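Examining the three-dimensional arrangement
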Amino acid sequence: MHHHDRRFQGMVERLRSPERLALMEVDRVVDLCLQHIQAASLLDVGTGTAVWAEAFAARGLAVAGVDVSAEMLEHARRYVPTGRFELAAAETLPFDAQAFDLVFLGHVLHETDDPVRALSEARRVSRLRVAVLEWPYRQEEQGPPLEHRLRREQVEGFARSAGLAAVQFTPLDHMDLYLMPI
């Protein structure tokens, strides 16, 4: 098992606070992730309290999620009882190739021990698209410290190294969204 030294250590309530959810623009992110594809299934990598799994499930997708924290998975199951949640790291996804239409990494790539391996695994288990949501590379009150954030060039380089050559970058008000077709 990896160390995941940078994983979120805050309280569950903070992950689902109205202020944080507003910053994440959940509906807009889901809309952008689903734009121009016919997705029926989603894997939420680093699901945490299943904010994203819940949002995609509300759109009718069959959702699954993985997290390195058994405690977080308990919360995820409570918020999305129809989801399939498993204990696993982003770098070693326990699913078959092309098992999901869309693989989503929401605020998790910067926490992985090996971002290229995490994106390679996401590409392997996705049929249509990999989506990565990250905090922008600037110091802000919300989110991780600057030294844990990723620059756009880093994310795009990790994607290329993982075999995801095309990256559509969309800067949001407080987040950066990267869409990568398979």
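Please read these numbers as outputs of a predicted model, since none were measured by experiment. (Residues numbered from 1 in each chain as written. Predicted model: local features only at pLDDT ≥ 70, side-chain atom pairs only at ≥ 80, totals over all residues. Heavy atoms only, no water.)

Take the nonpolar core next. Side chains that are nonpolar tend, in soluble globular proteins, to be buried together. Ranked by internal contacts, the top residues of the largest apolar core, which has 30 residues, are Val29, Cys33, Trp52, Phe56, Phe104, Leu133 and Leu177. Mapped onto this core, the elements with two or more residues apiece are helix 2 (18–24), helix 3 (26–34), helix 4 (51–58), helix 5 (70–79), strand 4 (100–106), strand 5 (126–134) and strand 7 (176–181). When residues in this core are grouped by element, the largest group, six residues, is from helix 3. Contact partners of Leu177, with chain neighbours within four places excluded, come to Val29, Leu32, Cys33, Val132, Leu133, Gln168, Phe169, Thr170 and Leu172. Of all hydrophobic cores here, the second largest spans 27 residues; its members include Ala64, Ala88, Leu109 and Tyr178. (Core = buried A, V, L, I, M, F, W, Y, C linked by side-chain atoms within 4.5 Å. Buried < 20%, exposed > 50% of the residue type's maximum accessible area, 1.4 Å probe, protein only. Helix = DSSP H or I, 4+ residues; strand = E, 2+ residues; numbered from the N terminus. Contact = heavy atoms within 4.5 Å.)

All right, on to the confidence of the model for the protein then. Of the residues in the protein, 94% have a pLDDT of 70 or more, and the chain-wide mean is 92. Low pLDDT, under 50, characterises residues 1–8; the stretch is placed with 21 contacts to residues that sit more than four places away or in other chains. (pLDDT = per-residue confidence, 0-100.)

Looking now at helix 7 (residues 152–161). For helix 7, every residue scored as buried is listed here: Val155, Glu156, Gly157, Phe158 and Ala159. If you follow the buried residues of helix 7, they end up packed against helix 6 (115–125), strand 6 (168–171) and strand 7.

Before going further, it helps to examine the packing of helix 3 against helix 4. Between helix 3 and helix 4, the shortest axis-to-axis distance is 10 Å and the interhelical angle comes to 65°. Helix 3 and helix 4 meet at a crossing whose hand is right-handed. Contact with helix 3, carried on its side by Val26, Val29, Val30, Cys33 and Leu34, involves Val51, Trp52, Ala55 and Phe56 of helix 4 and no other residues of that element. When grouped by side-chain class, the residues that make up the contact of helix 3 with helix 4 number nine nonpolar, no polar and no charged. (Axes fitted to C-alpha atoms, helices over the stretch in contact; angles between N-to-C directions. Left-handed = near helix turned anticlockwise from the far one by under 90°. Nonpolar A, V, L, I, M, F, W, Y, C, P; charged D, E, K, R; others polar.)

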